[in-house]
Structure formats: structure tokens, C-alpha cells
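Report on the structure
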Amino acid sequence: MTTLTSAPLAPLLDRLFDEAAASRAKIAPAFADLSEADQMRLMQSKTDYHEFYGRLKDVPLPVSRATGTLLYMLARRFGARTIVEFGTSFGISTLHLAAALRDNGGGRLITTEFEPSKIARARDHLTAGGLVDMVEIRQGDALQTLSSDLPDTIDLVLLDGAKPLYPEILSLLESRLRPGAFIVADNADDSPDYLARVRSPGTGYMSVPFAEDVELSMRIG
Ligand SMILES: C[S@@+](CC[C@H](N)C(=O)[O-])C[C@H]1O[C@@H](n2cnc3c(N)ncnc32)[C@H](O)[C@@H]1O
């Protein structure tokens, strides 16, 4: 058995994924006052993402179950000890990553979120899952919270915050990525600049699209 597949985490994740699926009904009403063009503009903006996610502060928006399992498997296979996550929300992906660190014998997981109510929920979930001791939650905008005090080397990154910021967040972390580090970018199709960067030869990455709009990239060199 693993931490991911046994109690208390497994039944907690079943409940959280069920609640997340039910909460998707709140997404459309949160933008009902905006035209489709304004919704797109908001989603693609490098400056208005606080408003975009502020409208979704009661919606967990987690990675899929398959992506969560992929995160756990990648972290386990490579014995990850240092993980950085951009976009905590209710902590569902965080729970997968923290479980892998626990089963790897320990490590450091830094995650960041600017919505205080989401951080409170994530902390409650990590406590219920018995994993709160594995995680440092940094409150604030990732452009600031991930700009200092990073581990010397980073084994695994999950990008799952504002999509237009993926290139900037990668730049903050890049010098710390160890050769062979994996970067999982959720909904990467919404970040064309990021995809262009990690897929371009000579930028230091190998990268492939993976199931369900996930881009899986590896730092080389
Ligand atoms: C898709 S959700 C993350 C879901 C989470 N990774 C999971 O699977 O459970 C994106 C989250 O990132 C947060 N976020 C977006 N841009 C951010 C930024 N620049 N700094 C910190 N948090 C950000 C949003 O508030 C939102 O809660």
C-alpha cells in the first residue's frame, strides 16, 4: 500500500474529487456578466488574473484524477525530494505530491496561492490527510513568493496557476531545476508562449503533450 491509496488520504481524495466535480456548475455563473470575448481576455491576461481567479475562489479546479496519479508516480519513480507547485487552490494536487514525498522518505514541497480562503481549505485538507508537515504554503502572488528562498535544486514542478504566467514562473525556477527534473504544466494549451518555449530546440527542455491538456517537460543539460 502507499500513502496515496490508503486511509486517510484515499477516501479524502474521493470526497474532494466528487465535491470538485459538483462545484464545476459554479464556473459559468461566475462569468455570467461578461461577454465571451471579455472572459477570454481575462483568462489570457498577464495582469488581470487576480480578478479571474477571484471569481473562482469557491471552486477547487483540481487536476484530473489521472494527472494527480501521474504526479505521484513521477515523484516516486525519481525519488523526488524537492517539489515546487504553482497554484494550490484546495490542495488536491498538493496532497498527491506530499504523499509521494512521504513515501520517498521526506522532502520539501513549496506551494503557493494568493486566495487566503483557498489556503485555509488546503491546510485543512493537508491536516486531514496527515500531510501538513510536508508542505510549505506561501501566501501571495507566485511572481513574488517564488522569487526567493528556493531549494538549491528542484526535482519536480507543477504549473497550475494563471496560465499566462507559466513562462515567467518557469524563469524564476529554471536555474534551480536539476538535469532530469520534470515540469508538469496543466492546461498548457492555454499558455502558447510556454509551449513554444519548452518545445523549442536549444532552450534546454524535452517536451511532449500528455493526456488531458498536460504538457510534460524535462530539463536537460
Ligand atoms: C487550477 S487552480 C489549482 C488547482 C490545484 N493545483 C489542484 O490541482 O488542486 C489554480 C489556482 O492558482 C491560483 N493562482 C493563480 N494565479 C496565481 C498567482 N499568480 N499566484 C498565486 N496563486 C495563483 C488561483 O487562485 C487558483 O486557486
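Parameters at a glance
Residues numbered from 1 in each chain as written. Predicted model: local features only at pLDDT ≥ 70, side-chain atom pairs only at ≥ 80, totals over all residues. Heavy atoms only, no water. Near = heavy atom within 4 Å. Polar contact = N/O pair within 3.5 Å; in protein donor to acceptor, adjacent residues only side chain to side chain. Areas by Shrake-Rupley, 256 points an atom, 1.4 Å probe, with all protein chains shown as cover. Helix = DSSP H or I, 4+ residues; strand = E, 2+ residues; numbered from the N terminus. Nonpolar A, V, L, I, M, F, W, Y, C, P; charged D, E, K, R; others polar. Buried < 20%, exposed > 50% of the residue type's maximum accessible area, 1.4 Å probe, protein only. Right-handed = clockwise from strand over helix to strand, strands pointing away. Pairing = 2+ DSSP bridges. Axes fitted to C-alpha atoms, helices over the stretch in contact; angles between N-to-C directions. Contact = heavy atoms within 4.5 Å. Core = buried A, V, L, I, M, F, W, Y, C linked by side-chain atoms within 4.5 Å.

Glancing now at the site of the ligand. Taken together, 24 residues surround the ligand, and among them Val-63, Gly-87, Ser-93, Glu-113 and Asp-160 come closest. Within the side chain of Lys-118, an N or O atom sits 2.9 Å from an oxygen atom of the ligand. If the ligand stood free it would expose 610 Å²; the protein chains cover 99% of that surface. For the shell around the ligand, the secondary structure elements donating two or more residues are helix H4 (49–54), strand S1 (82–86), helix H6 (92–103) and strand S2 (108–113). Per-class residue counts for the shell around the ligand are 12 nonpolar, 7 polar and 5 charged.

Now for the pairing of S1. Burial within S1 is extensive, with 5 of its 5 residues counted as buried. The alternating pattern of S1 places Thr-82, Val-84 and Phe-86 and Ile-83 and Glu-85 on opposite faces, both of which are buried. A crossover links S1 with its parallel partner S2, the connecting element being H6, and its sense is right-handed. Pairing of S1 with strand S4 (residues 154–159) involves 4 bridges; the strand directions are parallel. In the sheet register, Val-84 faces S4, and the bridge partner there is Val-157.

With that settled, the discussion passes to the sheet that holds S1. Judged by pairing direction, the sheet is mixed, and its 7 strands sit side by side in the order S3-S2-S1-S4-S5-S7-S6 without closing on themselves. Looking along the sheet, the strands with just one partner apiece sit at the ends: strand S3 (135–139) and strand S6 (205–210). Taken over all neighbouring pairs, the strand axes of this sheet differ in orientation by 15 degrees on average, direction set aside. Both S1 and S2 contribute to a ladder of 5 bridges, which runs parallel. Following the sheet pairing, Phe-86 is matched in S2 by Thr-112. Sitting on the sheet, helix H10 (residues 192–199) is in contact with S4, strand S5 (177–185), S6 and strand S7 (214–219), with an inclination near 35 degrees to S7.

Turning to the nonpolar core, a few remarks are in order. The biggest cluster of nonpolar side chains holds 36 residues, and the ones touching the most others in it are Leu-9, Ile-83, Leu-95, Leu-131 and Val-184. Listing elements by their share of this core, those giving two or more residues are helix H1 (9–23), helix H5 (65–77), H6, helix H7 (116–128), S3, S4, S5 and S7. Tallying contributions element by element places H6 first for this core, with 7 residues. In this structure Val-184 touches Leu-71, Leu-74, Leu-156, Val-157, Leu-158, Leu-159, Val-214, Glu-215 and Leu-216, once residues within four positions along its chain are discounted. The next biggest cluster of nonpolar side chains, apart from the first, holds 33 residues, and it includes Ala-30, Phe-86, Ile-169 and Val-198.

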